[in-house]
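Descriptive analysis of the structure
Residues per chain, in single letters:
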Amino acid sequence: MTRKRRRLYIVLAALLVFGGATALVLTALDENLDHFRSPKDLIAEPPAPERGIRLGGLVEEGSVERSADGLTVNFRVTDLTESVSVTYVGILPDLFREGQGVITLGNMRADGTFAAREVLAKHDENYMPREVVDALKASGNWRHGEELSQ
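In this report, the structure presented in the accompanying data block is examined. (Residues numbered from 1 in each chain as written. Predicted model: local features only at pLDDT ≥ 70, side-chain atom pairs only at ≥ 80, totals over all residues. Heavy atoms only, no water.)

**Description of the environment of Val89**
Put simply, the rule reads: Helix and strand definitions follow DSSP, with helices as H or I runs of at least four residues and strands as E runs of at least two, each counted in order from the N terminus. Working definition: with a 1.4 Å probe on protein chains only, accessible area under 20% of the residue-type maximum means buried, over 50% means exposed, and in between means partly exposed. Whether two residues are in contact is decided by their heavy atoms, any of which lying within 4.5 Å being enough.
Locating Val89 in the fold gives a position in strand β5 (residues 83–89). The class of Val89 is exposed, set by a relative accessible area of 56%. In this structure, the C-alpha to C-alpha distance between Val89 and Gly70, residues 19 residues apart in sequence, is 9.0 Å. Discounting chain neighbours no more than four positions away, the residues touching Val89 are Leu71 and Thr72.

Below, the structure is given as structure tokens:
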């Protein structure tokens, strides 16, 4: 075997190993990503129950129900077109309230409710998460005439 052919084999083997490692990393990343969905998107295309989702929208007025145990909270997230029931067990952020922007991280259950493992609320009066603003604009329900800081 000539030197040139040996180098070619080494380069091809290195490319094969690098390609395999890249494929493994990308597969692992895709499985661990939480994709953003608005309620309208979630109802149109329900994800698999094991798929992590970031559900964003507004907390629907009059939908917050707290259980007797003090930790379980049921509420609805809406994009003013569709709404999704959310169940969360834990302590909610201080800024969580009806009519405010929220992003929940969790999974869709087979019964159509969203099981949240984390709830994120907006941090001041001038901020709404970019994904929520985009979802409200896409549904045609964006009510503010000015852009909010992001």
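After that view, the rundown keeps rolling.
**A few points about the pairing of strand β2 (residues 53–59)**
Definition in use: Every crossover in which the path from the first strand over the helix to the second runs clockwise, viewed with the strands pointing away from the viewer, is termed right-handed. Strand pairing follows a simple DSSP-based rule, namely that at least 2 bridges must link the two strands.
With six of seven residues buried, β2 lies mostly within the body of the structure. For the handedness criterion, the β-α-β arrangement of strand β1 (residues 35–37), helix α2 (residues 39–44) and β2 is classed as right-handed. As judged from the six bridges shared by β2 and strand β6 (residues 101–108), these two strands associate in the antiparallel manner. If you follow Gly57 over to β6, its bridge partner there is Val102. In terms of strand pairing, β2 meets strand β4 (residues 72–78) through two bridges, oriented antiparallel. Along β4, the bridge assignment pairs Leu58 with Thr78.

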